Amino acid sequence: NNSTNSTNSINNNNSKLNKRAIGQLLGKEVNKLILIAFVKMWDFSDQLDIALRMFLQSFILPGEGQQIDRIVECFSRHFYKLYEQRRIIDKKKSTFINSDAVYLLTFSLIMLNTDAHHPSIKNRMTLQEWLTNNKSANSKGIIFDENYLI
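Every chain begins its residue count from 1, and numbering advances along the sequence as written. Whole-chain, interface and lining totals are the exception, using all residues; otherwise, since this is a predicted model, local features are given only for residues with pLDDT of at least 70 and side-chain atom pairs are given and counted only at 80 or more. Calculated side-chain values reflect all of the structure's heavy atoms, with hydrogen atoms and water omitted.

Colleague: Sorry, what's going on with the overall build of the protein here?
Modeller: Of the regular secondary structure elements, the protein holds eight helices and zero strands. Comment: elements are numbered from the N terminus, with helices defined as DSSP H or I runs of at least four residues and strands as E runs of at least two. Helices and strands in the protein line up, N terminus first, as α-α-α-α-α-α-α-α. Expressed as a percentage of its 150 residues, the buried residues of the protein come to 39%. Contacts are assigned to residue pairs that have any heavy atoms within 4.5 Å of one another. Restricting the contact set of the protein to residue pairs at least 6 apart, pairs at least 24 apart contribute 61%. All accessible areas in this document rest on Shrake-Rupley with a 1.4 Å probe, and a residue is counted as covered only by the protein chains that are shown. Only carbon and sulfur atoms are counted for the fraction: they give 54% of the accessible area of the protein, which is about 9200 Å². Buried means the residue's accessible area, taken with a 1.4 Å probe over protein chains only, is under 20% of the maximum for its type, while exposed means over 50%, and partly exposed covers the values in between.

Colleague: How should I be thinking about the confidence of the model for the protein in this particular structure?
Modeller: As a note on interpretation, predicted positions should not be read in detail where pLDDT is low. Mean pLDDT over the protein stands at 83; residues scoring 70 or higher make up 85%. Helix H3 (residues 32-40) holds the highest mean pLDDT among the elements of the protein, 96, whereas helix H1 (residues 2-13) holds the lowest, 51. Along the chain, pLDDT gives the predictor's confidence residue by residue, from 0 to 100.

Colleague: Just checking my understanding: could you explain the pattern of salt bridges for this structure?
Modeller: Opposite charge on two side chains lets them pair, provided their charged atoms get close. The term salt bridge refers to a side-chain nitrogen of Lys or Arg lying within 4 Å of a carboxyl oxygen of Asp or Glu. Applying the stated rule across the entire model yields three salt bridges. Arginine 87 is the salt-bridge partner of glutamate 84, the closest N and O atoms lying 2.9 Å from each other. A residue pair is termed a helical-turn pair when its members lie 3 or 4 positions apart in one helix, as glutamate 84 and arginine 87 do in helix H5 (residues 65-90) at three residues. Classification of glutamate 84 as buried rests on a relative accessible area of 13%.

Colleague: Even after reading the chapter, I still don't get the packing of aromatic side chains, so can you show me in this structure?
Modeller: Two aromatic rings, taken as a pair, are described by how far apart their centres are and by the angle between their planes. Planes of paired rings set the category: under 30 degrees apart is stacked, over 60 is edge-to-face and the rest tilted, where pairs are Phe, Tyr or Trp rings (Trp by its six-membered ring) whose centres lie within 6.5 Å. Under the defined criterion, the tally for this structure stands at 15 aromatic pairs. Relative to phenylalanine 79, the ring of phenylalanine 44 has its centre 6.3 Å away and its plane inclined at 45°; by these criteria the two rings are tilted. In this pair, phenylalanine 44 is assigned in the loop between H3 and helix H4 (48-56) and phenylalanine 79 in helix H5, connecting sequence segments 35 residues apart. In this structure phenylalanine 44 comes out as buried when scored by relative accessible area, which is 0%. Every member of this aromatic cluster is reached through a ring pair, and the members are Phe38, Trp42, Phe44, Phe55, Phe59, Phe75, Phe79, Tyr83 and Phe96.

Colleague: Looking at this model, I keep getting lost on H4. Mind explaining?
Modeller: Working note: α-helix, 3.6 residues per turn, so residues spaced by three or four point in the same direction. Burial in H4 covers these residues: Leu48, Ala51, Leu52, Met54 and Phe55. All buried residues of H4 lie within an arc of 165° about the axis, which places them on one face of the element. By arc we mean the arc of the directions from the helix axis to the C-beta atoms, nothing more.

Colleague: Would you mind going over the nonpolar core with me for this structure?
Modeller: Most often, soluble globular proteins have nonpolar side chains that are buried together. Take the buried Ala, Val, Leu, Ile, Met, Phe, Trp, Tyr and Cys residues and link them wherever side-chain atoms come within 4.5 Å; each set so joined is a nonpolar core. Membership of the largest hydrophobic core comes to 32 residues, with the highest contact counts inside it found for Phe44, Phe55, Phe75, Phe79 and Phe96. Looking at this core, the elements that each hand over two or more residues are helix H2 (19-27), H3, H4, H5, helix H6 (99-117) and helix H7 (127-134). The greatest single-element share of this core, amounting to nine residues, is contributed by H5.

Below, the structure is given as structure tokens:
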């Protein structure tokens, strides 16, 4: 699997680097070209949640919202481009209407992970709340299939 090979290569090459420093570097506006080059190293051939998990294992997201936004936007655009290329070759129906839908669902997955694992959050999101919040994350009135979200 190309995605696994890509991940192993990137993570092995970064094993001695400070993951927090990598996240800070990638998130800064002045380093946009570095972020784009880093994201393009990835061959995302898996589902969104798996691709995101592999990507985020290579660094720690910075704490600033704008930096996270830059990283998620770049990831989403690249994921969608590769997703559409595979979809056309495989002649499959598209799950995502555009890269904005990927962006919204990616951000929501990050928030769900925070909700599930941050110790200060007392009232965890339920499955029904997750589904309700994300069904309409796809653009232009097209809703995500509930089976895809689960």
